[in-house]
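# Observations on the model geometry
As a plain string of letters, each chain reads:
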Amino acid sequence: MTTNSQLTVAVRIRPLNDIEKQRKSIQCVHPLDNQEEVHAATTAPLMDFVVAGYNATVFAYGPTGSGKTYTMVGQEKRPGLMMLLTRDLYEKINPHEFTVYLSYLEIYNEVIRDLLNPNAGVLDLLEDERGNVQVPGLSRVKAPNTSRIMQILQEGNSRRTQEPTAANKNSSRSHALLQVTLYKNSVQHGKLFLIDLAGSERASQTQNRGKRLKEGAAINRSLLALGNVINALSTGSKGRYVNYRDSKLTRLLKDSLGGNSKTCMIAHVTPSSFNYDETYNTLVYANRAKNITTRIAQNRPASADQQYVEAIKEMQKDALRKSN
Ligand code: ADP
Ligand code: MG
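Right, let's walk through the structure included here. Position labels on residues start from 1 in each chain and follow its written sequence. Ligands are numbered from 1 and chains lettered from A, in the order in which they are written. Given that the model is predicted, a residue must reach a pLDDT of at least 70 before its local features are reported, and side-chain atom pairs must reach 80 or more before they are shown or counted; all residues, however, enter totals for whole chains, interfaces and linings. Side-chain numbers here rest on the full set of heavy atoms in the structure, without hydrogens or water.

### As for the overall build of the protein
This is how it is decided: We count a stretch as a helix when DSSP gives it H or I for four or more residues in a row; a strand needs E for two or more, and each element gets its number in order from the N terminus. Only protein chains enter the calculation, and the probe is 1.4 Å; a residue is then buried if its accessible area is under 20% of its type maximum, exposed if over 50%, and partly exposed in between. Whether two residues are in contact is decided by their heavy atoms: any pair within 4.5 Å suffices. To measure how exposed things are, a 1.4 Å probe is used in the Shrake-Rupley method; for residues, cover is taken only from the protein chains shown.
In terms of helices and strands, the protein carries eleven helices and twelve strands. Out of the 324 residues in the protein, the part that is buried amounts to 48%. Sequence separation of at least 24 residues holds for 72% of the intrachain contacts in the protein that already meet a minimum separation of 6. Here the protein has roughly 16600 Å² of accessible surface; of this, 51% comes from carbon and sulfur atoms.

Take a look at the structure:
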């Protein structure tokens, strides 16, 4: 694991599964972890940040079957980061002062759907005049306590698009984004994005055909765009051009990757000799991501930005008067 002030990159290795054991896979590394340990080492420090009015993002990267959903969602007896982080959030806030809202969406073949409202249809992305990316029509659910959160997450997860591929019978072909928004005395305060990405494997390796192959292409488009963004950000050169516009995923993650957020990327690999190529590719990706450098700022109320715009307008008027 490496960390700088804004970004943490970690690698999580899952245990060998039954099929790998049956086929006598060589276990290349031995994971020693549980959900709480992973949380403590990677994401726990983010919560103080969100409560202080900043944004944070956690994303799980890796091929299908490497443990992304296990890390983010987990199981009832072994809850994942979505639960552990929101649980921590409740421990840190005064419920009379703060309100927590959840939104949960899926990007499947570049189409956005609301996982908490199946009747919402296809949703779009819009950028407001301040450059904030919004998803109009996305539902927001008030989450008063952790047991309600687990219920909301289960409901949302049951609606995720899952299709069998050769690599994994429950392969998630979609990106799932949980947004936890904290309001302080009714003003938006801090925001936490928790993202379970679709599998990063290449289409050929899952023997995808037809519909599956089309999904593969769209998934790769989003992940390719994400890779390009990470590449551009990690070079660290001034005046670099970062193209967020190539996919829905990168448009939504613009803030998280390029600016106003503390980010934690957990790359997932298996310990099995069968997955050598995917493990190698994932580690190369994670290695590149750890070179990202971003600036970070506290969220400011809209009125502060408005004052700034007014001040710039005054300066421009002043300059015009002087030049005439
Ligand atoms: P992905 O979301 O990357 O496709 P999953 O999270 O669905 O992968 O994991 C694949 C399988 O491996 C699941 O059955 C899951 O329960 C199991 N698994 C993954 N990571 C771990 C882990 N760290 N410990 C125990 N089981 C795990
Ligand atoms: Mg998954």
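### Considerations on the pattern of salt bridges
Here is the rule: Here a salt bridge means any side-chain nitrogen of Lys or Arg lying within 4 Å of a carboxyl oxygen belonging to Asp or Glu.
A full pass over the atoms with the stated rule returns eight salt bridges. In this structure, Arg 160 and Asp 196 form a salt bridge, with 2.7 Å as the shortest nitrogen-oxygen distance. With Arg 160 in the loop between α6 (146-158) and β10 (175-184) and Asp 196 in strand β11 (residues 187-196), this residue pair connects regions lying 36 residues apart in the sequence. Across the pair, Asp 196 and Arg 160 agree in class, each one buried. Connected via shared salt-bridge partners are Glu 36, Arg 87 and Asp 88.

### Observations concerning the site of ligand 1
How we decide: Each residue is tested against the molecule or strand, and it is near if at least one of its non-hydrogen atoms lies within 4 Å. Polar contacts, as used here, are pairs of N or O atoms within 3.5 Å; protein pairs need one atom able to donate a hydrogen and one able to accept it. Residues neighboring in sequence count only if both atoms are side-chain atoms. Ten residues, namely Ala, Val, Leu, Ile, Met, Phe, Trp, Tyr, Cys and Pro, are considered nonpolar, four, namely Asp, Glu, Lys and Arg, are considered charged, and the remaining ones, Gly among them, are considered polar.
Taken together, the neighbourhood of ligand 1 is formed by 13 residues, with Gly 65, Gly 67, Lys 68, Thr 69 and Tyr 70 sitting nearest. Gly 65 is positioned such that a nitrogen or oxygen atom in its backbone is 2.7 Å from an oxygen atom of ligand 1. A distance of 3.3 Å separates an oxygen atom of ligand 1 from a polar backbone atom of Ser 66. Burial of ligand 1 by the protein chains amounts to 72% of its free accessible area of 570 Å². If one sorts the elements of the shell around ligand 1 by residue count, helix α4 (residues 68-72) sits on top with three residues. Partitioned by chemical class, the residues of the shell around ligand 1 number three nonpolar, seven polar and three charged.

### Some points on the pairing of β10
In the case of a regular strand, side chains alternate between the two sheet surfaces. For the record, the criterion: A pair of strands is labelled paired if DSSP reports no fewer than 2 bridges between them.
With nine of its ten residues buried, β10 lies for the most part within the structure. Examined bridge by bridge, β10 and β11 share nine bridges and lie antiparallel to one another. In the sheet register, Ala 176 faces β11, and the bridge partner there is Asp 196. The antiparallel hairpin formed by β10 and β11 contains two residues in its connecting segment, where Asn 185 sits at a positive phi of about 45 degrees.

### Comments concerning the packing of aromatic side chains
Two descriptors summarise a pair of aromatic rings, namely the distance from one centre to the other and the angle between the planes of the rings. Basically, it comes down to this: Working definition: a ring pair exists when centres of Phe, Tyr or Trp rings (six-membered ring for Trp) sit within 6.5 Å. Plane angles under 30 degrees give stacked, over 60 give edge-to-face, the rest tilted. Here, a charge over a ring means that NZ of Lys or CZ of Arg falls within 6 Å of the ring centre while also lying within 35 degrees of the ring normal.
Counted under the stated rule, the structure contains four aromatic pairs. Both rings, one in Tyr 101 and one in Tyr 183, keep their centres 5.4 Å apart while their planes meet at 85 degrees; by these two values the pair is edge-to-face. You can see Tyr 101 sitting in strand β4 (residues 98-108) and its partner Tyr 183 sitting in strand β10, a full 82 residues away along the chain. As far as the burial class goes, Tyr 101 and Tyr 183 line up, both buried. Between Tyr 276 and Tyr 280, the aromatic rings sit 6.4 Å apart at their centres with planes inclined by 15 degrees, giving stacked as the arrangement. You can see Tyr 276 and its partner Tyr 280 sitting in helix α10 (residues 276-289), four residues apart, about one turn around the helix. According to the relative accessible area criterion, Tyr 276 is exposed, its value standing at 56%. Between Arg 140 and the ring centre of Tyr 101, over which it is positioned, the NZ or CZ distance is 3.8 Å.

### Some details on helix α2 (residues 35-43)
Worth spelling out the cut-off: The arc in question is formed by the directions pointing from the helix axis toward the C-beta atoms.
Looking only at α2, the buried set comprises Gln 35, Val 38, His 39, Thr 42 and Thr 43. Relative to the axis of α2, the buried residues are bounded by an arc of 100 degrees and lie together on one face. Here the buried face of α2 lies against β2 (7-13), α3 (46-51), β3 (55-61), α4, α5 (81-92) and β12 (261-269). Between the side-chain oxygen of the N-cap and the backbone nitrogen of Glu 36 there are 2.9 Å, and the N-cap of α2 in question is Asn 34.

### Looking at the packing of α5 against α6
Convention followed: In this analysis, axes come from line fits to C-alpha atoms, helices being fitted only over the stretch in contact, and the angle between any two N-to-C directions falls in the range 0 to 180 degrees. For classification purposes, angles smaller than 35 degrees are called roughly parallel, those larger than 145 roughly antiparallel, those between 65 and 115 roughly perpendicular, and all remaining angles oblique. Crossings are assigned a handedness: left-handed for a near helix turned anticlockwise from the far helix by less than a right angle, right-handed for a clockwise turn.
As a packed pair, α5 and α6 sit with axes 10 Å apart at the nearest point and diverge in direction by 150 degrees. The orientation of α5 relative to α6 falls into the category roughly antiparallel. Like other packed secondary-structure pairs, α5 and α6 cross with a definite hand, here right-handed. Of the residues in α6, those touching α5 at Met 82, Met 83, Thr 86, Arg 87 and Tyr 90 are Thr 146, Ile 149, Met 150 and Leu 153.

### As for the nonpolar core
To keep things clear, this is the line we draw: Definition of nonpolar core: a set of buried residues of the types Ala, Val, Leu, Ile, Met, Phe, Trp, Tyr and Cys, connected through side-chain atoms within 4.5 Å.
Core analysis: the biggest nonpolar cluster contains 37 residues, and Val 58 and Tyr 104 have the highest contact counts within it. Sorting the residues of this core by element identifies α3, β3, α5, β4, α6, β10, β11 and β12 as the ones contributing at least two each. It is α5 that contributes the most residues to this core, six residues altogether. Counting 33 residues, the second-largest nonpolar core is a separate cluster that includes Leu 105, Leu 123, Ile 230 and Tyr 244.

### Brief notes about the environment of Ala 60
By the secondary structure assignment, Ala 60 is in strand β3. When its relative accessible area of 0% is taken as the criterion, Ala 60 is described as buried.

### Section: the pairing of β2
Burial runs high along β2: five of the seven residues are buried. Two strands pair when backbone bridges link them, and β2 and β12 are joined in this way by seven bridges, in the parallel orientation. The residue bridging Val 9 from the neighbouring strand is Met 265, located in β12.

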